[in-house]
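Here is what each chain is made of, one letter per residue.
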Amino acid sequence: MVTGKAKVMKGCDAIVESLLKEGVDTIFGYPGGAIMPVYDSLYDYQDQLKHVLTRHEQGAIHAAQGYARVSKNVGVCLATSGPGATNLITGLADAYIDSTPLVCITGQVASHLLGTDAFQETDVLGVSTPVTKWNFQITKPEEIPGAIAKAFYIAQSGRPGPVLIDITKDAQFGSLNFKYNKCLEIRSYRPVPSVDLEQVKKAAELINNAKRPMVLFGQGVILGDAKKEFKSFIEKAGIPSAWTILGVSSIPNEHPLNVGMLGMHGNYAPNKLTSECDVLIAVGMRFDDRVTGKVSTFAAQAKVIHLEIDPAEIDKIIKADVAVLGDCKSSLSLLTQYVNSATHTNWLNKFKELDTEEYREVQQKELIPDTNKKITMAEVIDALSVKTNGEAIMVTDVGQHQMVAHRYYQYSSWKSNVTSGGLGTMGFALPAALGAKLAQPNREVIAVIGDGGFQMTIQELGTIFQYEIPVKILVLNNEFLGMVRQWQQLFFDKRYASTELVNPDFQTIVKGYHIPAELVDKREDLSDAMDRFINSNSSYFLEVRVGKEDNVFPMVPSGSSVSDIRLK
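Just so it is clear, the model here is predicted, and its values are computed rather than measured.

Scanning the chain for helices and strands turns up 23 helices and 20 strands. Relative to the 2.2 N^0.38 estimate, which gives 24 Å for 568 residues, the radius of gyration of the chain is 24 Å and therefore close to what a compact globule would have. Principal-axis analysis of the C-alpha atoms gives the chain an extent of 70 × 60 × 40 Å. A total of 568 residues make up the chain; the buried ones form 59% of that total. If you take every contact in the chain between residues at least 6 apart in sequence, the share linking residues at least 24 apart comes to 77%. Taking the 56 positively charged and 64 negatively charged side chains of the chain as two groups, their mean positions are separated by 4 Å.

And the structure:
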């Protein structure tokens, strides 16, 4: 136990002191009546804790997510009771499914008013239970240090996730003898299973006998800080490795064993050859439906090895022939010891052949389009990738631009991808990008957003302006809810119901926030505009008008096998 000396203080001060004991230096939030005592305390800690006033509570929690995803810290946000607390729910759900460590503190009405439908009272514990790793309501000031210590331990241990602490107003005003003990363990809670060496040996035997092995890796490699271990494993075993949308940047895109993105809009080769491999090694990924397609046909011919920290994910969707529980940093290190050094040249060449086909049928047409057509999203992302050397932190929203960004940006640096994966939250990118930039001020942070998602959290331009956060904002404007429109075109006979957008003048709006803004409508203007965008020392907004009815291919139709992936 890490202990401190007792000191008499108010509950609201104890909350702030507890955050400091956990090493917190940045908080995102929005004040209100039930959390006002904490904000009053924060006034005296401005030199130790930076509070970022977002323009909406959803913006606060997405910013905390961005902050956590590119750092080794827990994201922290504050909100008041009632609507303030319920405005966090989307972010909690997003963080829960994408395993992002957060501690959210909400104010609550005084304890004697609980259950009376008091002004701005909501049962936030009941509402948030399905989308939090743990939640707790504090009604007495002496509960504050212990609950916050437990919250931080749970949020960042094992498979990370969001935690919510709801604190009544009288607990914030009350006094306690403050003494902070960091939480180092909880009885019956075992966040990291021990690696079973026998299971590792069984996995190694399957790999050593495989003729066509394939690795599918997800965010677990990043969350487990297993960069070195993962690279050593695939290089020793010589295995082609494909990534989920949250796994990208675990290894550089240009690595010879990196064979591209899995899933509905992933690359042609890994999707097709998932149905031909004989051993499938899943590392830190959960077999999401966007990766598997039709479950009954997914890798049905292969022996499956699953390296996973969360026992609940084993056999949940795809049955594992060998399950290796534990932190992948440890399990990969052990597995590497037992696998043979190998090369699978002929097998790897199959990926290269299909890559060539995809380039000819899809990428070449998008990167070198008919000059009479509008700029393509692929052109924009390719230019961005070249001009940043693939080193920027890319924060993407949800939709066609998200898929294009992941397909065409050549990630070269570790931990460079922030996106809403499992929940698919439109409006995520703008606040997440400002949070990421505050966490990594020395790295270029670029938010790539569609015109639909941009308008969902456009008010966070005010946060960027107020705090002078030099984040770059790239909006690909096709005047449609593009991904939904694509489905309507392909599967609903072009019945474009409620997907065409009549947009405002984004340039005028952004300039109203005193952020430099530029619009590109012609291909010949793109390169210079991109240079100004990247080289700006301040925040910068670049809007590029792209083809209204351009589609994203390849594509696995919903409910189909991944081997049915379409190139057009």
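Turning our eyes to something else, we now look at the side chain of Gln-486. On the secondary structure map, Gln-486 appears in helix H21 (residues 482-491). Judged by its relative accessible area of 0%, Gln-486 is buried. Only 2.8 Å separates the side chain of Gln-486 from the backbone nitrogen of Val-552, close enough to count as a polar contact. In this structure, Gln-486 is in contact with His-265, Gln-400, Asn-551, Val-552 and Met-555, ignoring residues within four places of it in sequence.

The strand order across the open sheet built from 6 strands is S3-S2-S4-S5-S7-S6, with neighbouring strands paired in parallel fashion. Edge positions in the open sheet fall to strand S3 (50-53) and strand S6 (134-138), since each of these has one partner strand only. Averaged over all neighbouring strand pairs, the angle between strand axes comes to 20°, with direction disregarded. Sheet topology places strand S2 (residues 26-29) next to strand S4 (residues 75-79); 2 bridges connect them, and they run parallel. Each bridged residue has a counterpart across the sheet, and for Phe-28 the counterpart in S4 is Cys-77.

This part is about unusual backbone geometry. In the segment running from Phe-553 into Pro-554, the intervening peptide bond is cis, with an omega of 0°. You can see Pro-554 is positioned in the segment after strand S20 (540-545). The phi dihedral of Ala-299 falls on the positive side, at around 45°, and the residue is not glycine. The phi torsion at Glu-468 lies on the positive side, around 50°, for a residue other than glycine. Structurally, Glu-468 is set in the loop between helix H20 (461-466) and strand S18 (472-477).

Basis of the calculations
Residues numbered from 1 in each chain as written. Predicted model: local features only at pLDDT ≥ 70, side-chain atom pairs only at ≥ 80, totals over all residues. Heavy atoms only, no water. Helix = DSSP H or I, 4+ residues; strand = E, 2+ residues; numbered from the N terminus. Rg over C-alpha atoms; globule rule 2.2 N^0.38 Å. Buried < 20%, exposed > 50% of the residue type's maximum accessible area, 1.4 Å probe, protein only. Contact = heavy atoms within 4.5 Å. Lys, Arg positive; Asp, Glu negative; His and termini not counted. Charge placed at Lys NZ, Arg CZ, Asp CG, Glu CD. Polar contact = N/O pair within 3.5 Å; in protein donor to acceptor, adjacent residues only side chain to side chain. Pairing = 2+ DSSP bridges. Axes fitted to C-alpha atoms, helices over the stretch in contact; angles between N-to-C directions.

Any functional reading would require information that these geometric values do not contain.
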